[in-house]
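Fold and geometry: a report
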Amino acid sequence: MPDPSPTRPPANRPALLLVLAVILALESLLVTGLAVWLLVELLTVKPESYTTAVAIFVLVVFAAGWLILTLVGILRLRGWARASTVTIQILMLAVAVGSFQGLFARPDVGWALLIPAVVAGVLALAPSVVRATTRNTESHE
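This section reports on the structure supplied with the text.

Ranked by size, the top nonpolar core spans 25 residues in total, and within it Leu17, Leu20, Leu24 and Ile74 carry the most contacts. Elements supplying a minimum of two residues to this core: helix 1 (15–44), helix 2 (50–75), helix 3 (79–99), helix 4 (107–124) and helix 5 (127–140). Here this core takes eight residues from helix 1, the largest share from any one element. Excluding its chain neighbours within four sequence positions, the residues that come into contact with leucine 20 are Ile74, Thr85, Ala120, Leu123, Ala124 and Val129.

Here it is in structure tokens:
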């Protein structure tokens, strides 16, 4: 017999999903903080190219929004949020690898990006996370 109440109790979230949500929340906070810092820099320091500075700022704002929406999707147990998480982490891996190379290599930044990207990518594909988000997706379609 279906539940007569219009609201459902909160779904049981596996521990690995909560760890993934914490990582995504921290990434969201850091990228949002970067966007704020870039805006302050844009308004207070004369860049070599305003066009480039604005473009980078817009891209970082877009990335922050994407991360926040993905975090909300994970917390709401949406299946699409797993794919979004994996995509974000792959992009972070690419930036991390670039941070280890070149004339201006920053291994500290590389490790700071690489470790959470690998952990979040693995967590997004963990069986308990897949089950939790798949179950919710099927019940809403």
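This part is about the environment of alanine 126. Looking at where alanine 126 falls in the secondary structure, it is placed in the loop between helix 4 and helix 5. Between the C-alpha atoms of alanine 126 and leucine 16, which are 110 residues apart in sequence, the distance is 7.7 Å.

Here the focus is helix 3. Taking 1.5 Å per residue as the helical rise, helix 3 with its 21 residues ought to reach 30 Å, and the 31 Å between its terminal C-alpha atoms agrees with that figure. Buried within helix 3 are the following residues: Gly79, Ala81, Arg82, Ser84, Thr85, Ile88, Gln89, Met92, Ala96 and Ser99.

Under the criterion given, the structure shown has two aromatic pairs. Each ring, one from phenylalanine 62 and one from tryptophan 66, has its centre 6.3 Å from the other, and the planes form 40 degrees; the classification is tilted. Within this pair, phenylalanine 62 and its partner tryptophan 66 are both found in helix 2, separated by four residues, close to a single helical turn. Classification of tryptophan 66 by relative accessible area gives partly exposed; the value is 26%. Both rings, one in phenylalanine 100 and one in tryptophan 111, keep their centres 5.2 Å apart while their planes meet at 75 degrees; by these two values the pair is edge-to-face.

We now examine unusual backbone geometry. Of note in this structure, leucine 77 is not a glycine but carries a positive phi near 60 degrees. Among the structural elements, leucine 77 can be located in the loop between helix 2 and helix 3. Among the residues examined, leucine 77 registers a relative accessible area of 3% and is labelled buried.

Following the sequence through the fold, valine 122 ends up in helix 4. Spatially, the C-alpha atom of valine 122 lies 9.6 Å from that of glutamine 89, the residues being 33 residues apart in sequence.

Attention now moves to the side chain of serine 28. With respect to the helices and strands, the residue serine 28 is situated in helix 1. Classification of serine 28 by relative accessible area gives buried; the value is 5%. Ignoring anything within four residues of it in the chain, the contact list for serine 28 reads Leu67, Ile68 and Leu71.

Axis separation between helix 3 and helix 4 bottoms out at 8 Å; the angle between their running directions is 155 degrees. Judged by the angle between their axes, helix 3 and helix 4 are roughly antiparallel. With respect to the hand of their crossing, helix 3 and helix 4 are arranged in left-handed fashion. Seen from helix 3, the contacting residues are Arg82, Thr85, Val86, Gln89, Met92, Leu93, Val95, Ala96 and Ser99; seen from helix 4, they are Pro107, Val109, Gly110, Leu113, Leu114, Pro116, Ala117, Val118, Ala120, Gly121 and Ala124. Residues of the contact of helix 3 with helix 4, tallied by class, amount to 14 nonpolar, five polar and one charged.

What counts as what
Residues numbered from 1 in each chain as written. Predicted model: local features only at pLDDT ≥ 70, side-chain atom pairs only at ≥ 80, totals over all residues. Heavy atoms only, no water. Core = buried A, V, L, I, M, F, W, Y, C linked by side-chain atoms within 4.5 Å. Buried < 20%, exposed > 50% of the residue type's maximum accessible area, 1.4 Å probe, protein only. Helix = DSSP H or I, 4+ residues; strand = E, 2+ residues; numbered from the N terminus. Contact = heavy atoms within 4.5 Å. Expected span 1.5 Å × (residues − 1). Phe/Tyr/Trp six-rings, centres within 6.5 Å; stacked < 30°, edge-to-face > 60°. Axes fitted to C-alpha atoms, helices over the stretch in contact; angles between N-to-C directions. Parallel < 35°, antiparallel > 145°, perpendicular 65-115°, else oblique. Left-handed = near helix turned anticlockwise from the far one by under 90°. Nonpolar A, V, L, I, M, F, W, Y, C, P; charged D, E, K, R; others polar.

Limitation: the analysis is restricted to geometry and does not speak to function.
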